[in-house]
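So you can see what is in the structure, the chains are spelled out below.
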Amino acid sequence: MLTKVPAPGEGFFAGINPQAVNVRREDGGGAVLFELPQRYYDWALMLAHFPASAAAIKRFLPEGSGLEPVTVAPGFGVVSIGAFEYRRCATLAPYDEMAVMFPVRLRPALPLPAVPLLRPEWFSDLGFYIWKLPVTTRESRDVGKALWNFPKSYSDITFTPETERRRRRRCSWTEGGHHVVTLEIRTSNTSRQFREFLAYSVMNGRLQQTLVQSYGDYDESRFGLDATFSLGDHPIADQMRELGIIDTAIGRLYSPTIQGILPGPSPVPFSKVPAALHAPRVLKSIVQRSAPKRPGPRVAIIGGGVAGLSAAHELIERGFEVTVYERRDIPGGKARSMSVREPVDQFAEGLPCEHGFRFFPGFYKHLPDTMSRIPYAPTGKTVADNLVATSRVAIDFNGEEQLVFPARFPTSLADFATLLMGAGLVQERTGCSAEEITFYIGKIWQLLTSCEERRLEKYEQISWWEFIDAENRSAEYKRYLGSTTRTLVAADPRHASTRTVGNILLQMLFDFGTPGVNVDRVLNGPTNEVWIDSWVEYLLKSSVKWQHAAAQSLLVRNGRLDGVEVADEVDGRPVNRRTVRADYYIFAVPVEVMAELLRASPEVMELDRNLEKIIDLSRDIATMTGIQFYFRERLPLEPGHYMHLDSPWALTSLAQAQFWTTDLRRFGDGTIRDILSVDISEWNEKGLNGRPANACTRGEIKHEVWRQLQRSLPCLQQLQPATIYLDEAIVVRNGRVENADPLLVNRPNHWRLRPEATTGIPNLFLASDYVRTYTDLATMEGANEAARRAVNAILTASGSVATPCAVWNLHEPAILSPWRWIDRYRYYRGLDWDSEFPLALRGLQLGLSLTSAAVTAAAPLIAPDGASRGAVPEDEGPQFAVPGEVQQRIGDRIQEFIDAMRGGDPRALLRLFVAYATITIGVRSHMVEEALPFVRPGVLVRIEEIKSVYQLGALVHVRMRVRLSEEGRPGAPLEGHVHVVFVETEEESWLINSLRYRREGEPARLEVLSEA
Ligand SMILES: Cc1cc2nc3c(=O)[nH]c(=O)nc-3n(C[C@H](O)[C@H](O)[C@H](O)COP(=O)(O)OP(=O)(O)OC[C@H]3O[C@@H](n4cnc5c(N)ncnc54)[C@H](O)[C@@H]3O)c2cc1C
């Protein structure tokens, strides 16, 4: 949770811009004029929590919503009874309300008993599911039901006034003359606080969340006799008895007077990120989303591949008007699957085919997040549920030998045995020497422990081939260890940047080493059938417009893009040219198409010279294409991808029927039982026929790939494909292959050529797999991330207050932070990477590693399933992490620590942690600035005294006395205490978890809690 304290002179309601909404009255008689968000100028609250049967509560939660009761102990959930007296609201007449609610969490990764109640601020998904909500006016009932689908009823509710003597208040709910429930709580002295409540409801089958914000006088107590309840003789009271509620309150909240803001509901994003963070900003976005629809700014998206569809998805959810212009009649771009259109032979027409098989590694975050927001009608779930994990990765060597590994952290004896056998055979099967294998592993270790600066500045400059010193090693090393990138990420090791290849290899390695994560996932049917078509359908239903047209050129006027010329294409020739206009334009077309469009519109490049780099970049494309073999029998192959390391054309393959729930008999003449989907990544090396794929006819390519496959997999030798489909993007002209769908290759030093999603033209944005992203590889994940960046840039450009799209950085295991910090220390001193962790630091290393391991284990408690990550707008993310130069200083401190240890000074540990504290306070967080106006750049923070340093599990607490003074104003220092809790998460290095400030001699009154 985040503290939002009204600044002096600024009311609690400042910045709220309510919209008028008309709600139809339930019993006829016109409409209720309501404003959203509703401002509650004065109300009172009584709330108490009681233990009850978790199983009984669960029966009342909406099925399939993912909501789980919060428990106090195994089997015991919580029932909360509330009473609210709304004395003055903006548009509603005063009314009273009672609520019977269940504290819940949304798909908790680790359903911890009690902790959410004790530390609610750790759980951003913690909210109330409201079961009963009686109110005393019909208009509040009608509005609540129509706008939130809250279970409101029109009832009798009576508050008894507080008596001087007893200091207790009571509220009773009566329905049709029968008593339902009475709540009585102790009143007490209060203090000014800001509090938020998250409420869940279900509208039109979709889970909604509403974040109520309040500011006023509160008092809270736990575990006592401060609250009791009694049940009456109404049937609802009987239902409540079935909940097995125990009349011993475990919590009580009381407020005699508060102000509140009630926004409209917003659909719960599947990333499970409730809007509970970044309050002022999110609040406004909820307001905006729930406001009656006004036409938002218009965005034209050129290209309907993964990037274009992702951008449309994010924009339409944020109130923009979106039109997608797509050249092809099939959506999905390179990710598309389709039906064989021209009969290859009598039964081939209608068979499912694809541009290339789809591989969704475990480290992908952006794409699965989007997929989990696309409804899939046939199952009533989402398309993310159509992803299935493979369980094996097979590497074969020339048909003689095979290595099979589990495609996940071993979770069974069979996995474990497969892993050990596979690992034990690497040397024998590859023929590489032990020294070479050790050397290769050392290079991976070097990647793991190098700091980001070294990766960006040094490794970006060199090819993977050079990095692993392949040129000076044996033929076996070159062939097997050197070329894994070919088959893994379709990158030629001689030409691919070490940074790009290395980062992706590491991500896959981390997946292998993470229990519960699958390295490899595939779809359970043809891509368009189980994903893309549902996506387009969802977007169209959400008012996205779709036009089948191809962009021809860009028009500029007054330093901005003035329109895009589009045309229909007949046999590749443009006809019916016209200009489309919008407020913003996203080009989500491949790099070579963008380069072509820029060449056709030189005046655009005059506005932003940087765009010329796209033309240079577009030369670095290569062919990688899919080919499918159809069989009348099931293939006897491993359940996962095959890397045919010895195939001259760098083939990878997957037998699909084992993963598909789609019945293959539906297709073609109904006799097909399996499809071997193959990607060809090498088009310039000679095949077994002595010719490169580039110089073959389509027929020759099919024949040659089949030969190479049969050589790699002897089990295929007895089989004959019923038919073969080579992607239609492959066209042979004048004896040379032309590919309509090439793929970008990340060559060394490419990063400098790659554009950001924003350009120098204020309304032109780029989103495709070549844009600069954390993912940094031409993949569906990179395309999706690029789209999110483009959308975020449009939010900024348009002044929108909608929540920015989440953007995730690649995973860096916290456990290796000390190594990376040391390397950063070395890097800035011009020293090379060093394999040895300093000997003197072994003790610390162990300590840090244990801490990190504990944090990793505790991460779900602190940020369930990446909840915090999702809510951090990308441009603000780094503000929470310790900046690079600070990490460098930490490296320095570690070095200091080494020296101190050598000098026999055990107190160095204390200094080490103090160093973090000193540094982290200076983090530029707008939230810190908002709540603590004096903690901003230019404010000096000097630590005067360390009061205590102690460690609790993964947390390090440092209490200290600081002196804060303005730069240039040394005469006006502020003194106080700062309490900082550091949490090392697996995502970032160090984050501020909480920062409390209090003036000397005064009670703590200002608090900022950023996300953990
Ligand atoms: C064979 C192969 C296999 C792959 N396998 C994987 C994999 O397993 N996992 C993975 O993550 N990635 C994979 N990739 C990479 C991934 O498919 C791409 O990086 C990603 O799909 C790119 O998406 P995009 O939207 O940026 O571009 P594209 O998919 O190229 O989409 C661009 C869209 O723009 C349209 N267009 C082009 N010109 C115009 C115009 N003038 N006007 C209007 N529209 C236009 C195109 O028709 C297309 O629909 C693979 C790539 C290939 C080639």
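To be clear, the structure that these remarks concern was listed above.
Rules used in this analysis
- Residues numbered from 1 in each chain as written.
- Predicted model: local features only at pLDDT ≥ 70, side-chain atom pairs only at ≥ 80, totals over all residues.
- Heavy atoms only, no water.
- Helix = DSSP H or I, 4+ residues; strand = E, 2+ residues; numbered from the N terminus.
- Buried < 20%, exposed > 50% of the residue type's maximum accessible area, 1.4 Å probe, protein only.
- Contact = heavy atoms within 4.5 Å.
- Areas by Shrake-Rupley, 256 points an atom, 1.4 Å probe, with all protein chains shown as cover.
- Core = buried A, V, L, I, M, F, W, Y, C linked by side-chain atoms within 4.5 Å.
- Salt bridge = Lys/Arg side-chain N within 4 Å of Asp/Glu carboxyl O.
- Pairing = 2+ DSSP bridges.
- Axes fitted to C-alpha atoms, helices over the stretch in contact; angles between N-to-C directions.
- Near = heavy atom within 4 Å.
- Polar contact = N/O pair within 3.5 Å; in protein donor to acceptor, adjacent residues only side chain to side chain.
- Nonpolar A, V, L, I, M, F, W, Y, C, P; charged D, E, K, R; others polar.
- Phe/Tyr/Trp six-rings, centres within 6.5 Å; stacked < 30°, edge-to-face > 60°.
- Lys NZ or Arg CZ within 6 Å of the ring centre and 35° of its normal.
- Left-handed = near helix turned anticlockwise from the far one by under 90°.
- Parallel < 35°, antiparallel > 145°, perpendicular 65-115°, else oblique.
- Arc of directions from axis to C-beta.
- Expected span 1.5 Å × (residues − 1).

Draft legend 1. Layout of the overall build of the protein chain. From N to C terminus, the protein chain includes 27 helices and 46 strands. Relative to its 1012 residues, the protein chain shows a buried fraction of 59%. Within the protein chain, residue pairs in contact and separated by at least 24 positions form 68% of the contacts whose partners lie at least 6 positions apart. In the form shown here, the protein chain has an accessible surface area of approximately 40,100 Å², with 51% of it arising from carbon and sulfur atoms.

Draft legend 2. Quick peek at the nonpolar core. Counting 87 residues, the largest nonpolar core has I301, W531, I586 and F587 as the members making the most contacts within it. No other element matches helix α20 (residues 780-797), which puts 9 residues into this core. If we skip the residues at most four places from it in the chain, I586 touches V299, A300, I301, I302, A311, L315, F765, A767, A790 and I794. Core analysis: the second largest hydrophobic core is formed by 39 residues, A83, L106, F159 and Y254 among them.

Draft legend 3. Examining the pattern of salt bridges more closely. Considering all chains together, one arrives at 51 salt bridges under this definition. Here E184 and R170 are joined by a salt bridge, their closest N and O atoms 2.8 Å apart. Residue E184 is located in strand β11 (residues 178-186), and its partner R170 is located in strand β10 (residues 168-175); the two are separated by 14 residues in the primary sequence. Residues D823 and R454 are paired through a salt bridge, measuring 2.9 Å at the closest nitrogen-oxygen approach. Highlighted residues: D823 in helix α21 (residues 817-828) and R454 in helix α10 (residues 452-457), separated in sequence by 369 residues. Just as D823 is buried, R454 falls in that class too.

Draft legend 4. Highlighting the pairing of strand β30 (residues 573-580). Direction of pairing for strand β29 (residues 560-570) relative to β30: antiparallel, over a ladder of 6 bridges. If you follow V566 over to β30, its bridge partner there is R578. As consecutive antiparallel partners, β29 and β30 are separated by 2 residues, and within that stretch D571 has a phi angle of approximately 50°, a positive value.

Draft legend 5. Layout of the sheet that holds β10. The strand order β9-β10-β11-β14 describes an open sheet built from 4 strands, whose pairing is antiparallel. Edge positions in the sheet fall to β9 (156-160) and β14 (227-231), since each of these pairs with one other strand and no more. With strand direction ignored, the average angle separating the axes of adjacent strands in the sheet is 15°. Sheet topology note: the β11/β14 ladder contains 5 bridges and is antiparallel. In the sheet register, E184 faces β14, and the bridge partner there is T228.

Draft legend 6. View of the site of the ligand. The immediate surroundings of the ligand are formed by 36 residues, with E326, F359, Y364, S768 and D769 found nearest. One of the side-chain nitrogen or oxygen atoms of R327 is found 3.1 Å away from a nitrogen atom of the ligand. A778 has a polar backbone atom sitting 3.5 Å from an oxygen atom of the ligand. Secondary structure elements with two or more residues in the shell around the ligand: α6 (306-316), β18 (321-326), β28 (550-557) and α20. Residues of the shell around the ligand, tallied by class, amount to 20 nonpolar, 9 polar and 7 charged.

Draft legend 7. Looking closely at the packing of aromatic side chains. Following the criterion strictly, the structure yields 23 aromatic pairs and no others. When the ring of F102 is compared with that of W131, the centres are 5.9 Å apart and the planes differ by 35°; the resulting orientation is tilted. Pair noted here: F102 is in strand β6 (residues 95-106) and W131 is in strand β7 (residues 127-135), with a separation of 29 residues, a long-range link. Residue classification places F102 among the buried residues on the basis of a relative accessible area of 0%. Classification of W131 by relative accessible area gives buried; the value is 9%. Following the ring pairs from residue to residue traces out a cluster consisting of Y40, W43, F84, Y86 and Y95. When the ring centre of W751 is taken as reference, the NZ or CZ atom of R499 above it lies at 4.6 Å.

Draft legend 8. Structural context of the sheet that holds strand β41 (residues 764-766). Spatial ordering of the open sheet is given by β27-β18-β17-β31-β41, a layout of 5 strands whose pairing is parallel. At either margin of the open sheet sits one strand with a lone partner, and together these are β27 (545-548) and β41. On average, each strand axis in the sheet is inclined to that of its neighbour by 20°, with strand direction left out of account. Where strand β17 (residues 298-302) and strand β31 (residues 584-587) come together, 4 bridges link them in parallel fashion. The residue bridging I302 from the neighbouring strand is F587, located in β31. Strands in contact with α20 are β17, β31 and β41; relative to β41, the strand with the most contacts, it is inclined by about 160°.

Draft legend 9. Representation of the packing of α6 against helix α15 (residues 527-541). The interhelical angle for the contact between α6 and α15, taken along N-to-C directions, is 35°, at an axis separation of 10 Å. The chirality of how α6 crosses α15 is left-handed. For the pair formed by α6 and α15, the contact residues are V306, L309, S310, A312, H313 and I316 on the first element and W531, I532, W535, V536, Y538 and L539 on the second. Here the contact of α6 with α15 is built from residues that sort into 10 nonpolar, 2 polar and no charged.

Draft legend 10. Structural context of the side chain of T773. Within the fold, T773 resides in the loop between β41 and α20. Separated by 3.0 Å, the side chain of T773 and the backbone nitrogen of D776 make a polar contact. In contact with T773, other than residues within four places in its own chain, are W751, R754, G782, E785, A786 and R789.

Draft legend 11. Inspection of the environment of E781 at higher detail. The topology assignment puts E781 in helix α20. Sequence-wise, E781 and A307 are 474 residues apart; in three dimensions their C-alpha atoms are separated by 9.0 Å. When neighbours within four sequence positions are excluded, E781 is seen to be in contact with F363, Y364, K365, H366, L367, P368 and T775. Separated by 2.9 Å, the side chain of E781 and the backbone nitrogen of L367 make a polar contact.

Draft legend 12. Looking closely at the packing of helix α9 (residues 434-448) against helix α14 (residues 498-512). Between α9 and α14, whose axes approach to 10 Å, the crossing angle comes to 95°. On the basis of the axis angle, α9 is roughly perpendicular to α14. Contact residues: α9 offers Y440, I444, L447 and L448, while α14 offers T498, G502, L505, L506, L509 and F510.

Draft legend 13. View of the environment of G525. Topologically, G525 is positioned in the loop between β26 (521-523) and α15. C-alpha of G525 to C-alpha of Q656: the two residues are 131 residues apart in sequence and 8.2 Å apart in space. Filtering out sequence-adjacent residues up to four positions away, G525 remains in contact with V530, W660 and T662.

Draft legend 14. Layout of the pairing of strand β39 (residues 736-739). Alternating positions in β39 separate cleanly, V737 and N739 being buried on one face and R736 and E738 remaining unburied on the opposite face. Alignment of strand β38 (residues 730-733) against β39, held across 4 bridges, turns out to be antiparallel. Bridging from a neighbouring strand, V732 pairs with V737 of β39. Linking two consecutive strands that pair antiparallel, namely β38 and β39, is a turn of 2 residues; a positive phi of about 50° is found at N734 within it.

Draft legend 15. Representation of helix α4 (residues 235-242) in the model. For α4, every residue scored as buried is listed here: I236, A237 and M240. Taken end-on, α4 shows its buried residues confined to a sector of 100°, consistent with a single buried face. More than 90 degrees from the buried face of α4, the exposed residues found are P235 and E242. Turning to α4, the residues buried within the fold contact β5 (76-89), β6, β7, β10, β11 and β14. Taken from the residues just after α4, G244 is the one with a positive phi, measuring 65°.

Draft legend 16. A look at α14. Compared with an ideal rise of 1.5 Å per residue, which puts 15 residues at 21 Å, α14 spans 20 Å between its outermost C-alpha atoms and is within 8% of the ideal. Burial within α14 is extensive, with 13 of its 15 residues counted as buried.

Draft legend 17. Highlighting the side chain of S201. Mapped onto the elements of the fold, S201 is located in strand β12 (residues 191-203). Only 2.9 Å separates the side chain of S201 from the backbone oxygen of W148, close enough to count as a polar contact. Setting aside residues up to four positions removed in sequence, S201 forms contacts with W148, N149, F150, R206, L207 and Q208.

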